[in-house]
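Here is how the chains run, residue by residue.
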Amino acid sequence: MIRTMAIRRLHGEDLELFKDMDTGIEDDYVLRVFDQLTEGNNRLFGLFINDQIAVIGGFTLFKKRYAMLGRLRTDRRFRGQNLATELNRYLIKEAFHIDGIDWVGANTQEDNLPAKRVLKKLGLTPLAALHGAWTDNLSSLSNDQEQWQEVYNKDEKKDWIQGAIIDTNYIFPYACYYPFPASWELFNGDELDHWRFFENKQRTRFFILKTDQKKHHYLHLVYPWNDLHLHTGIWETTQSVYEDIVKEDPNEQTYIWVDLTKEAASQLPKNHSFTLPSPWVLHGITKEKWERMN
């Protein structure tokens, strides 16, 4: 039988083809949200061998500038044939064909060596390793310290973003699992109205609290320095906001999430209550670099 290979975008009606894949993944969330992953800002593609899906993968668009690769699944009967690399190369090309997309990235766990090798082969550079730390109680870190002052003025918020995030080339966690090289595009919607900003009395540090949902609900703390242990009042402020959220909807499971570098994680006290999964490593490539390589 002649073997043919083709790649095409998937749609909701392709769910049955996806179900026929042997990925070895039990309770795969892609199965539950397949329709959502094929519409809106999400794109899902399949690499077909003859009429069978051998690999799926896709990307999500953010702020009309960024594309994040993900949902890579390979049928176990087709592994070891470099098909995942082939599909990812196609995905990157497709993403950069979309008007305005200037950066493509991928997040992979630090110990996922096969995925890291694929990304290196494709030219994506490792940019940051972050623990997605979460907890539902900060009492072990709180010492009844004075809470930080909330910032309401939009121009003051912009000043903080410019100085501490844009000018420092900070890898900004726009959402849980989705950090990006900072740019003003990440703040050009209603973020400055809905995200809460807090600063210390000396006005030398600030942090952001925002809400997110990834299966569970999260209060996402963003602090763009590695010196959390040196500044009191951050945990008390966060715990206070968290408790208000829980009171509003006590039936919804909500957690506090903070992205920590290895350095910041190592400075947490031994009695901290955070769950610290292995770090996720952000890789990325700009459109300019991709075009030079290809």
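Below is a short write-up of the structure.

### What to know about the overall build of the protein
Across its full length, the protein holds nine helices and 14 strands. A globule of 294 residues ought to have a C-alpha radius of gyration of about 19 Å, and the protein, at 21 Å, matches this closely. Oriented by its inertia axes, the alpha-carbon framework of the protein measures out at about 75 × 40 × 30 Å. Sorting the 294 residues of the protein into buried and exposed places 47% on the buried side. For the protein, contacts bridging at least 24 residues in sequence account for 69% of all contacts bridging at least 6. Of the roughly 15300 Å² that the protein leaves accessible, carbon and sulfur atoms contribute 46%. Of the side-chain charges in the protein, 36 are positive and 43 negative, and the distance between the mean point of each set is 7 Å.

### Remarks on the packing of aromatic side chains
Overall, the coordinates contain 28 aromatic pairs when judged by the stated rule. Seen in terms of ring centroids, F187 and W195 are 6.0 Å apart; in terms of plane orientation they differ by 85°. Their pairing is edge-to-face. Each member of the pair, F187 as well as W195, carries the same accessibility label: buried. Consider the rings of F198 and F207, whose centres lie 5.4 Å apart with planes at 20°: the pair is stacked. Across the pair, exposure class does not vary: F198 and F207 are buried alike.

### Things to note about the environment of K63
In this fold, K63 is placed in the loop between β3 (52-62) and β4 (66-74). The class for K63 is partly exposed, based on a relative accessible area of 21%. Spatially, the C-alpha atoms of K63 and N41 are 9.6 Å apart, while their sequence positions differ by 22 residues. K63 has contacts with Y174, E185, L186, N188, G189 and E191, leaving out every residue within four places of it along the chain. A polar side-chain atom of K63 sits 3.1 Å from a polar atom in the side chain of N188. Side chain to side chain, K63 and E191 meet in a polar contact 2.9 Å long.

### Looking at the pairing of strand β9 (residues 178-181)
Direction of pairing for strand β8 (residues 171-175) relative to β9: antiparallel, over a ladder of four bridges. Across the sheet, A175 pairs through a bridge with Y178, a residue of β9.

### Description of the pattern of salt bridges
Inspection of every chain in the model, using the stated rule, returns 18 salt bridges. Among the ionic pairs, E146 bridges to K201, the shortest N-O distance being 3.5 Å. Here E146 is found in the loop between β6 (125-135) and β7 (149-151), whereas its partner K201 is found in the loop between β10 (196-199) and β11 (206-214), with 55 residues between them in sequence. The burial state of E146 is the same as that of K201; both residues are exposed.

### So, helix α3 (residues 83-96)
With 14 residues, α3 should reach 20 Å at 1.5 Å per residue; the first-to-last C-alpha distance of 20 Å fits that figure. What α3 keeps buried is the set L83, A84, T85, L87, N88, L91, I92, A95 and F96.

### A few points about the side chain of T38
You can see T38 is positioned in the loop between α2 (29-32) and β2 (42-49). You can call T38 buried: its relative accessible area is 8%.

### Re the sheet that holds β4
Spatially, the twelve strands line up as an open sheet ordered β1-β2-β3-β4-β5-β14-β6-β13-β12-β11-β10-β7, and their pairing is mixed. The strands lining the two open edges of the sheet, one partner per strand, are β1 (5-9) and β7. Geometrically, the sheet is characterised by an average inter-axis angle of 30° between neighbouring strands, direction not taken into account. Against the sheet, helix α7 (residues 234-248) touches β10, β11, β12 (216-222) and β13 (254-260), its axis set at about 155° to β12.

### Let's talk about a negative patch on the surface
Taken together, E243, D244, E248, D249 and E252 make up a surface patch of like negative charges. Position of D249 relative to the elements: it lies in the loop between α7 and β13.

What counts and what doesn't
- Residues numbered from 1 in each chain as written.
- Predicted model: local features only at pLDDT ≥ 70, side-chain atom pairs only at ≥ 80, totals over all residues.
- Heavy atoms only, no water.
- Helix = DSSP H or I, 4+ residues; strand = E, 2+ residues; numbered from the N terminus.
- Rg over C-alpha atoms; globule rule 2.2 N^0.38 Å.
- Buried < 20%, exposed > 50% of the residue type's maximum accessible area, 1.4 Å probe, protein only.
- Contact = heavy atoms within 4.5 Å.
- Areas by Shrake-Rupley, 256 points an atom, 1.4 Å probe, with all protein chains shown as cover.
- Lys, Arg positive; Asp, Glu negative; His and termini not counted.
- Charge placed at Lys NZ, Arg CZ, Asp CG, Glu CD.
- Phe/Tyr/Trp six-rings, centres within 6.5 Å; stacked < 30°, edge-to-face > 60°.
- Polar contact = N/O pair within 3.5 Å; in protein donor to acceptor, adjacent residues only side chain to side chain.
- Pairing = 2+ DSSP bridges.
- Salt bridge = Lys/Arg side-chain N within 4 Å of Asp/Glu carboxyl O.
- Expected span 1.5 Å × (residues − 1).
- Axes fitted to C-alpha atoms, helices over the stretch in contact; angles between N-to-C directions.
- Patch = residues over 30% accessible without salt bridge, like charges linked within 9 Å, V, L, I, M, F, W, Y side chains within 5 Å.

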